[in-house]
Amino acid sequence: MTAAETEVLDKTARETGMMAGKRGIIFGVANERSLAWHCAKYLYEQGADLAFTYQGEALEKRIMPLAEKVESEFVEMCDLGDDAQIDKVFDKLSKKWDSLDFLVHAVAFANKEDLEGHYVNTTREGFRLALDVSCYTLTAVTNRALPMMKDGGSVITLTYYGAEKVVPHYNVMGVAKAALESSVMYLAADLGEKNVRVNAISAGPVKTLAAMGIAGFRDMLKLVEQKAPMKRNVEADEVGKTALYLASDLSSGVTGEVIHVDCGYSILGM
Ligand code: NAD
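Residues numbered from 1 in each chain as written. Predicted model: local features only at pLDDT ≥ 70, side-chain atom pairs only at ≥ 80, totals over all residues. Heavy atoms only, no water.

**As for the site of the ligand**
Phase 1: Taken together, 28 residues are adjacent to the ligand, and Ser 34, Leu 35, Lys 177, Val 206 and Thr 208 come closest.
Phase 2: Contact distances for the ligand include 2.9 Å between a nitrogen atom and a side-chain N or O atom of Asp 79.
Phase 3: Within the backbone of Ala 210, a nitrogen or oxygen atom sits 3.0 Å from an oxygen atom of the ligand.
Phase 4: Here the ligand, which alone exposes 810 Å², has 93% of that area covered by the protein. (Near = heavy atom within 4 Å. Polar contact = N/O pair within 3.5 Å; in protein donor to acceptor, adjacent residues only side chain to side chain. Areas by Shrake-Rupley, 256 points an atom, 1.4 Å probe, with all protein chains shown as cover.)

As structure tokens, then:
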């Protein structure tokens, strides 16, 4: 059993919590370290009912015990690179639930060779893949979720400072995150009238499966600890708490924003 499986979640606020009666779908739980999982925990504890998707068969045995912990009754495989799989998931979800209140998109991918060395060496295929999975998928899932967000909703994605400034080795993922942050604004502008809000959390570095694929990731953690105003790295749970704020009514007037949860690192000029 992993630490996450034995970790006890607090169910006491589920009936009266700020997410009681709300339903959401979460894309991007790979294991107990995933930022998506930390979002899921806080949303569950405050009463939300959760649906999950996972990328492929290999992840099934990791996600099932986690989904069980948060009493999820909807867990489906879905490679977000394939529109037909996305359609199938939402078709199934709309048969189970008649409405959806929030969506968490915590998905990104780039080839390992594009996350080391120089950006100038990025291939067309590497660029296409990184932008497709890490940016376009937000638009794809939001488009499908929209008909279910009848009373408005909240869409949340995860981004990183490498969208704004050059971070060594982040390379094509920085370009993809810049496009993702721009997507957040365009989606927010499109959907505001429907009371569907779209925001991004720009998380500081956290040791996850995806992060470990970035060359020099451990050095990033050390640098942040030395330089960030709060002299530490962010905790994955702090990202989860911000997702709760964005999914809930607490952020009812907030859309098109990128909220930095990075112990202040991004405010530094030098
Ligand atoms: P993670 O590896 O736990 O999650 C990444 C997820 O993306 C995995 O669940 C993976 O299966 C999924 N994914 C990749 N390609 C997919 C596809 N084709 N179809 C469906 N799912 C696919 O790592 P994480 O760090 O929790 O990443 C979540 C998000 O947070 C990513 O967008 C990442 O860029 C972002 N982020 C991470 C950090 C960090 O330091 N960990 C910092 C800022 C932003």
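That shown, we press on.
**Brief notes about unusual backbone geometry**
Phase 1: One non-glycine residue, Glu 71, lies in positive phi territory at about 55 degrees.
Phase 2: As for its placement among the helices and strands, Glu 71 is situated in the loop between helix H3 (60–69) and strand E3 (74–77).
Phase 3: Its identity as a non-glycine residue notwithstanding, Asn 171 has a phi of 45 degrees, on the positive side.
Phase 4: Considering the arrangement of structural elements, one finds Asn 171 in helix H6 (residues 171–191). (Helix = DSSP H or I, 4+ residues; strand = E, 2+ residues; numbered from the N terminus.)

**Describing the sheet that holds E3**
Phase 1: Strand order across the open sheet formed by 7 strands is E3-E2-E1-E4-E5-E6-E7, with parallel pairing between neighbours. In this open sheet, the two strands that pair with only one neighbour each are E3 and strand E7 (258–261). In this sheet, neighbouring strand axes are inclined to one another by 20 degrees on average, regardless of whether the strands run parallel or antiparallel.
Phase 2: Inspection of the sheet shows strand E2 (residues 49–54) paired to E3 by 4 bridges, in the parallel sense. Within E3, the residue paired with Ala 51 across the bridge is Phe 74.
Phase 3: Against the sheet, helix H4 (residues 83–96) engages strand E1 (23–27), E2 and E3, with an angle of about 165 degrees to E3. (Pairing = 2+ DSSP bridges. Axes fitted to C-alpha atoms, helices over the stretch in contact; angles between N-to-C directions. Contact = heavy atoms within 4.5 Å.)

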